[in-house]
Amino acid sequence: MSLDRHSRSLKISIESDSDLLAARQEARAIAFELGFTLTAVVGIVTALSEMTRNMLLYAGRGELLIESVRDGDRNGILITARDDGPGIPDVQKAMMDGYSTSGGLGMGLPGIKRLMDSFEIRTGPEKGTTVIVRKWLETH
Amino acid sequence: MSDHDTSRGKGTAVRAPAAVKRQLPPALDAQLPEVPRDEQTTELLRELVAHLRAQRTQLREEWLRRIVEAHLLTAMSREEIYAEATSIYDQYVEALEAGAFEALQAYAQNLSERIIPRGVETNEVVGIVLLLRDVLARALFIKYHSNLDKLNDILDAYEPAANRIAITVSVGFVQERERVIRAQQEAIRELSTPVLQVRERLLILPIIGLIDPHRARQITEQLLVAIRSNRARVVVIDITGVPVMDTNVANHLVQTVEASRLLGATVIVTGLSPDIAQTLVNIGVDLGKMNTVGDLQGGIEEAEHILGYKVMPMMGEAAES
Amino acid sequence: MEVPILKQGNYLIASIQSALSDSDLAQLRDALVERVGRSRSKGVIIDLTALDILDSFATRTLRDTAHMIRLRGAETVIVGMQPEVAFTMVQLGLSLPEIATALDLEEGLAYLGRKTRNKDKGRVRGGPVEP
């Protein structure tokens with residue numbers, strides 16, 4: 001193919017506050033490299049920051065995977081946040097508790113979902129939590 | 001102005017970096033069946049290409065004749081067709097020999113960029129490429145007709161390559177057309193939601209027409225950038241021209257108001273009909289928090305009041321009464 | 001990474017750089033609150049021009065900072081937020097309703113000037129007339 005689209009894949013171990021910062025920087029760089037607009041990059045990095053925060057807060061540690069991804073002829077970014085923590089007991093409720101303006105109860109999952117194009121969560125009591133989000137490049 | 005502002009240009013919607021605009025679609029090549037080029041095929045192709053190059057002038061003439069006969073490329077003059085035909089012929093033959101379809105795809109995109117503004121249609125591009133394929137195939141028949149085995153081998157080598165060329169060029173053209181159409185739609189969208197600066201520090205945003213989520217996001221982004229580059233302190237958003245207000249649009253409106261405030265700008269929403277006001281209340285928007293005025297004129301006056309403008313009587317009017 | 005805090009007359013100005021960790025932000029909060037108390041400032045401007053993202057922690061911290069500064073009798077203004085950051089914040093559902101905002105440093109200073117002038121006017125109402 002004439003235009004090289006590097007396929008990117010980066011795994012980051014999250015154990016502390018400074019790992020969170022590093023993860024944001026990496027995600028930012030990759031998102032720009034993939035051709036996302038500034039607005040989209042800010043959205044991606046913010047979503048990643050929230051996902052990573054949740055891992056640190058509820059599981060103490062976890063793993064992030066940032067990858068470039070393709071589906072037919074669209075390109076995008078795929079971010080997976082996985083931890084072996086206690087899991088989310090009531091996902092339904094978690095998906096309802098957004099940030100209120102007085103704020104900030106809950107994990108902000110609805111917010112993360114709003115920022116990205118797709119959102120998946122796999123979790124269960126004592127089963128850890130995996131959150132997978134994708135954002136696609138606008139084709140125009 | 002900080003570096004940040006300069007990099008964003010005139011303050012219109014933020015775009016993807018220019019470098020990626022001209023991207024070729026990924027994996028077009030991968031979608032086409034791989035043509036195994038063994039040594040024999042390569043040799044045969046080299047041989048037939050040599051012949052096609054030697055016969056270049058005659059075959060090109062024949063091709064041009066067929067193009068005119070088929071009433072293709074009518075939007076172009078004979079000189080123009082001749083010029084393009086010359087380079088297409090050479091690229092075609094080059095692609096046959098070298099199998100470098102990436103180069104061909106890039107060429108096709110370039111060609112498309114040139115001829116689309118001339119009004120050339122898809123059927124014409126597909127048509128002329130197929131005509132060239134036919135003209136060249138006929139030439140091969142003529143050369144090798146006395147040796148049917150050899151002719152078969154030649155065609156076995158020629159046909160897959162020629163078909164791939166036809167597909168590459170046609171698809172390249174179609175994709176460029178689609179890109180142009182999308183760009184035009186984008187331009188129309190932007191034109192239909194201009195952000196107007198009428199006074200210093202005051203922007204007016206008349207929203208007209210239906211708003212889908214994509215357009216709504218775009219409007220908000222454009223407005224925020226405009227607030228920054230115009231240093232606006234007040235924005236009047238007029239929604240008189242919005243026929244349908246549903247939950248989504250209302251949410252976008254609220255988001256726009258909140259985001260504008262984060263940039264230090266006050267938003268006044270005008271053109272709220274009682275129906276729309278009711279919709280907003282129903283979805284839980286606290287209208288008390290939103291600064292609303294009945295009509296655009298009133299909104300502008302309110303904005304001027306906020307900005308501290310005093311309304312002066314016009315010269316010559318003051319004497320009346 | 002420490003955020004520099006400048007004193008300009010009655011006000012403090014803190015300019016945030018792009019990549020701040022959680023502890024940097026918390027440190028800024030504490031430093032601002034301490035300085036406000038120490039220098040009896042009337043207003044604080046937090047300049048977000050170089051801030052790359054504003055997530056939930058940063059939002060909460062800013063809110064706490066403004067709250068604590070108010071307890072010390074001073075006003076906070078947030079300036080310079082990038083359009084993309086503002087846009088993302090509202091999508092996330094975050095906002096900073098209790099904090100004043102202005103476009104940039106100049107506007108922020110003008111705002112504080114108006115606010116503190118009004119405060120002073122309030123105080124002298126009913127008192128001796130100023131010359």
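In this report, the structure presented in the accompanying data block is examined.

Rules and cut-offs
- Residues numbered from 1 in each chain as written.
- Chains lettered and ligands numbered in written order.
- Predicted model: local features only at pLDDT ≥ 70, side-chain atom pairs only at ≥ 80, totals over all residues.
- Pairing = 2+ DSSP bridges.
- Helix = DSSP H or I, 4+ residues; strand = E, 2+ residues; numbered from the N terminus.
- Contact = placed C-beta atoms within 7 Å.
- Buried ≥ 20, exposed ≤ 12 C-beta atoms within 10 Å, placed from the backbone.
- Axes fitted to C-alpha atoms, helices over the stretch in contact; angles between N-to-C directions.
- Nonpolar A, V, L, I, M, F, W, Y, C, P; charged D, E, K, R; others polar.

### A look at the pairing of strand 2 (residues 62–71) of chain A
All names here are of chain A.
(1) Moving on: One ladder, built from 6 bridges, connects strand 1 (residues 9–14) with strand 2; its direction is antiparallel. Across the sheet, residue Ile12 finds its bridge partner in strand 2, namely Leu64.
(2) Moving on: Sheet topology places strand 2 next to strand 3 (residues 74–83); 9 bridges connect them, and they run antiparallel. Bridging from a neighbouring strand, Ser68 pairs with Ile77 of strand 3.
(3) Moving on: Hairpin remark: strand 2 followed by strand 3, antiparallel, with 2 residues in the connecting loop; positive phi at Gly72, about 70°.

### Looking at the interface of chain B and chain C
(1) Moving on: The interface of chain B with chain C comprises 14 residues on the first partner and 15 residues on the second.
(2) Moving on: Those elements that place two or more of their residues in the side of chain B that touches chain C are helix 9 (213–230) and helix 10 (247–262) of chain B.

### Some points on the environment of Pro117 of chain B
Residue and element names in this part refer to chain B.
(1) Moving on: Within the secondary structure, Pro117 is located in the loop between helix 6 (101–115) and helix 7 (122–144).
(2) Moving on: Residue Pro117 is classed as exposed on the basis of its C-beta count, with 10 C-beta atoms lying within 10 Å.
(3) Moving on: Sequence-wise, Pro117 and Arg177 are 60 residues apart; in three dimensions their C-alpha atoms are separated by 9.7 Å.

### Observations regarding the sheet that holds strand 1 (residues 196–199) of chain B
Residue and element names in this part refer to chain B.
(1) Moving on: Overall, mixed pairing links the 5 strands, which are arranged 1-2-3-4-5 in an open sheet. Looking at which strands have only one partner, the edges of the open sheet turn out to be strand 1 and strand 5 (291–293). Here the strands of the sheet are splayed against their neighbours by 30° on average, with no regard to which way each runs.
(2) Moving on: Relative to strand 4 (residues 266–270), strand 3 (residues 234–241) runs parallel, the two sharing 5 bridges. If you follow Ile237 over to strand 4, its bridge partner there is Val269.
(3) Moving on: The sheet contacts of helix 9 involve strand 1, strand 2 (202–208) and strand 3, and relative to strand 2 the element is tilted by about 165°.
(4) Moving on: Its contacts with the sheet put helix 12 (residues 296–307) on strand 2, strand 3, strand 4 and strand 5, and the angle it makes with strand 3 is roughly 175°.

### Focus on the interface of chain A and chain C
(1) Moving on: Taken together, the contact between chain A and chain C spans 22 residues of the former and 19 residues of the latter.
(2) Moving on: When contributions to the side of chain A that touches chain C are tallied by element, the ones reaching two or more residues are helix 1 (17–34), helix 2 (38–59) and helix 4 (109–115) of chain A.
(3) Moving on: Counting residues per element, the side of chain A that touches chain C draws most heavily on helix 2 of chain A, which supplies 9 residues.
(4) Moving on: Partitioning the side of chain A that touches chain C into residue classes produces 6 nonpolar, 11 polar and 5 charged.

### Quick notes on the sheet that holds strand 4 (residues 118–123) of chain A
Residues and elements named next belong to chain A.
(1) Moving on: Spatially, 5 strands are ordered 1-2-3-5-4 in an open sheet, and the strand pairing comes out antiparallel. On the outer flanks of this sheet lie strand 1 and strand 4, each paired with one strand and no other. Taken over all neighbouring pairs, the strand axes of this sheet differ in orientation by 15° on average, direction set aside.
(2) Moving on: In this structure, strand 3 lies alongside strand 5 (residues 129–136), joined through 8 bridges in antiparallel fashion.

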